[in-house]
Amino acid sequence: MAESAELILDGKSYSFPVTEGTEHEKAIDIAKLRDQTGYITIDSGYKNTGATKSAITFLDGEEGILRYRGYPIEQLAEQSSFIEVAYLLIYGKLPTQAELDDFSHQITKHTLVHEDVRKIFDGFPSAAHPMAILSSLICSLTAFYPESVSPDLSKEEIDLNVIRLMAKISTIAAWTYKNNMGHPLNYPRNDLDYCANFLYMMFSFPTEKYEIDPRIVSALNKLLILHADHEQNCSTSTVRLVGSANASLYGSVSAGINALWGPLHGGANQEVLEMLQAIQKDGGDTSKFIAKAKDKNDSFRLMGFGHRVYKNFDPRAKIIKKAADEVLSALGINDPLLKIAQELEQAALTDEYFIERKLYPNVDFYSGIIYRAIGIPTEMFTVMFALGRLPGWIAQWKEMRENKEPIGRPRQVYTGELERDYVGIEQRS
Ligand code: MLT
């Protein structure tokens, strides 16, 4: 017999079906709850709400498991490339060599942006945060490709938007940095692969020869893979919600970029680095800051520790920690911030206070260190996260569209004033 959940309200009993995912996650399907009972559920922050059924990413927070389309993140980080993972997330299968070549070729062909996009840069203050520019310019692609707003796009038209976005985001992202620095903007080089081309656009100057370091390319590939999707996190839910109104892919992803910018979400890796710098400036005594973190009367918060869904460890953090060690030793970097990070990590992993509260270093804790080691400035960290997360956002937007999901329209429990009559301004006190 199919499992169901019984609910008793005002002495009356209701039955709701239980739905089960392929990994045996169970959910009570309350789609008919309001119709049948007049009640709604309230779940602030949606921690107990499955907003959708999705076949893209599986995450088990208790066991520390993360898989894209069934493939363990550990295997993908070790053996795949970012573009291959993007294909996997977006199209649901690992590509054949011919499919991968075609996908890479299409992306490479679209790396140029309209010259008018270049002009938009002039309208921003040069000190603008790169995320402000990134979200605006990604949204502006809707103005350059107005047909992308249509609710009836064919498969080919959706694919074209996917390719354009994958290609142009790296050019725009690199240019946000160049604009910030007052450097000339570099046009993409289509003889390079995705990550190498991004590094070239970020770091080269028209006046000098730029050598691409394969160790840095490989570290970047890994970082982008690790960030590529994370099921229904805040920015992804935003992309799906905005997209559910039939907004364009560019507009939906732009909204996701804004959500990601928040310090509670993607802005966290920037905050980790700033915290490490503050500790260094204070003299580098990590035990002092560990004590501050434990003191409930102290406003200091240890950034980059613990995670909303991982209860024991963040599987991405394990991979990224190893990668950070490898990159730093390969590049011969002796970073005093890394020493501080390692001391904090050790303290947290051995201190009862942190163990009890399951406060272990998460992916943001280490990603900033690698970004710093490969020369990415702090205010670009969240842009790097967005670059990595793009295939996930695209895959989730596409899945939502293909499944013809209805427009997202949550309800509320109203807590305001009861009906009252309008009072003229002269009678108000
Ligand atoms: C993410 O990768 O999106 C973050 O870890 C946040 C989250 O999943 O809630």
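Reading guide: rules and limits
Residues numbered from 1 in each chain as written. Predicted model: local features only at pLDDT ≥ 70, side-chain atom pairs only at ≥ 80, totals over all residues. Heavy atoms only, no water. Near = heavy atom within 4 Å. Polar contact = N/O pair within 3.5 Å; in protein donor to acceptor, adjacent residues only side chain to side chain. Areas by Shrake-Rupley, 256 points an atom, 1.4 Å probe, with all protein chains shown as cover. Nonpolar A, V, L, I, M, F, W, Y, C, P; charged D, E, K, R; others polar. Pairing = 2+ DSSP bridges. Helix = DSSP H or I, 4+ residues; strand = E, 2+ residues; numbered from the N terminus. Axes fitted to C-alpha atoms, helices over the stretch in contact; angles between N-to-C directions. UniProt positions renumbered as here; feature names shortened; annotations may be inferred. Buried < 20%, exposed > 50% of the residue type's maximum accessible area, 1.4 Å probe, protein only. Contact = heavy atoms within 4.5 Å. Phe/Tyr/Trp six-rings, centres within 6.5 Å; stacked < 30°, edge-to-face > 60°. Lys NZ or Arg CZ within 6 Å of the ring centre and 35° of its normal.

Caption draft 1: Spotlight on the site of the ligand. The local shell around the ligand consists of His230, Asn233, His265, His307, Arg308, Arg316, Phe385 and Arg389. The separation between an oxygen atom of the ligand and a polar side-chain atom of His230 is 2.6 Å. Measuring from an oxygen atom of the ligand, one finds a side-chain N or O atom of Arg389 at 2.7 Å. In the complex, the protein chains occlude 89% of the 260 Å² of accessible area that the ligand would expose alone. Residue composition of the shell around the ligand, grouped by class: one nonpolar, four polar and three charged.

Caption draft 2: A look at the pairing of strand β1 (residues 4–9). Bridge analysis of β1 against strand β2 (residues 12–20) gives six bridges, and the strand direction is antiparallel. Pairing of Leu7 across the sheet is with Tyr14, part of β2. Where β1 folds back onto β2 in an antiparallel hairpin, the turn is made up of two residues, including Asp10, whose phi is positive at roughly 50 degrees.

Caption draft 3: How the structure looks around the sheet that holds strand β3 (residues 26–28). As summarised here, the arrangement of the three strands in space is β1-β2-β3, forming an open sheet in which the pairing is antiparallel. Of all the strands in the sheet, the pair left with one neighbour each is β1 and β3. Between one strand and the next, the sheet's axes are offset by a mean angle of 30 degrees, whatever the strand orientation. Relative to β3, β2 runs antiparallel, the two sharing three bridges.

Caption draft 4: Representation of the sheet that holds strand β5 (residues 65–68) within the structure. Judged by pairing direction, the sheet is antiparallel, and its three strands sit side by side in the order β4-β5-β6 without closing on themselves. Since the sheet does not close on itself, it has two edges, and those belong to β4 (57–60) and β6 (71–72), each with one partner. In this structure, β5 lies alongside β6, joined through two bridges in antiparallel fashion. Following the sheet pairing, Tyr68 is matched in β6 by Tyr71.

Caption draft 5: Region of interest: the UniProt feature "active site" (unreviewed entry) in the protein. The feature "active site" (unreviewed entry), as given by UniProt, occupies His307 and Asp364 in the numbering adopted here. Spanning 58 residues, the annotated positions come together in the fold, the maximum distance between their C-alpha atoms being 10.0 Å. Mapped onto the elements, His307 comes out in the loop between α13 (286–294) and α14 (315–330). Take His307: its relative accessible area is 24%, and that puts it in the partly exposed class. Leaving out residues up to four positions away in the same chain, His307 has contacts with His230, Asp314, Arg316 and Tyr360. A polar side-chain atom of His307 sits 2.9 Å from the main-chain amide nitrogen of Val309. Residue classification places Asp364 among the buried residues on the basis of a relative accessible area of 10%. Residue contacts for Asp364: discarding those within four places in its chain leaves Ala268, Asn269, Val272 and Phe385.

Caption draft 6: Quick peek at unusual backbone geometry. In the Ramachandran plot, Arg69 falls in the positive-phi region, its phi being about 50 degrees despite a non-glycine side chain. Of note, Arg69 is situated in the loop between β5 and β6. Among the residues examined, Arg69 registers a relative accessible area of 22% and is labelled partly exposed. You will see that Lys404, though not glycine, has its phi angle at about 50 degrees, which is positive. Checked against the element boundaries, Lys404 lands in the segment after α18 (381–402). Among the residues examined, Lys404 registers a relative accessible area of 70% and is labelled exposed.

Caption draft 7: The arrangement of the side chain of Asp351 in detail. Along the chain, Asp351 falls in the loop between α15 (336–350) and α16 (352–356). Within the structure, Asp351 has its side chain in polar contact with the side chain of Lys294 (distance 2.7 Å). Filtering out sequence-adjacent residues up to four positions away, Asp351 remains in contact with Ile290 and Lys294.

Caption draft 8: Up close: the packing of aromatic side chains. Tallied over the entire structure, the rule returns 15 aromatic pairs. Aromatic pair Tyr177 and Phe203: ring centres 6.2 Å apart, planes at 70 degrees, arrangement edge-to-face. Of the two residues, Tyr177 sits in helix α7 (residues 155–181) while Phe203 sits in helix α8 (residues 194–203), which places them 26 residues apart along the sequence. Grouping residues by exposure puts Tyr177 and Phe203 together as buried. Seen in terms of ring centroids, Phe305 and Phe354 are 6.4 Å apart; in terms of plane orientation they differ by 50 degrees. Their pairing is tilted. Residue Phe305 is found in the loop between α13 and α14, and its partner Phe354 is found in helix α16; the two are separated by 49 residues along the sequence. For Phe354, a relative accessible area of 2% puts it in the buried group. An aromatic cluster of at least three residues, connected via ring pairs, comprises Phe305, Tyr353, Phe354, Phe365 and Tyr366. The positively charged end of Arg189 is found above the aromatic ring belonging to Tyr200, 5.2 Å away from the centroid. For Lys318, the ring lying beneath its charged end belongs to Phe313, and the centroid distance is 4.1 Å.

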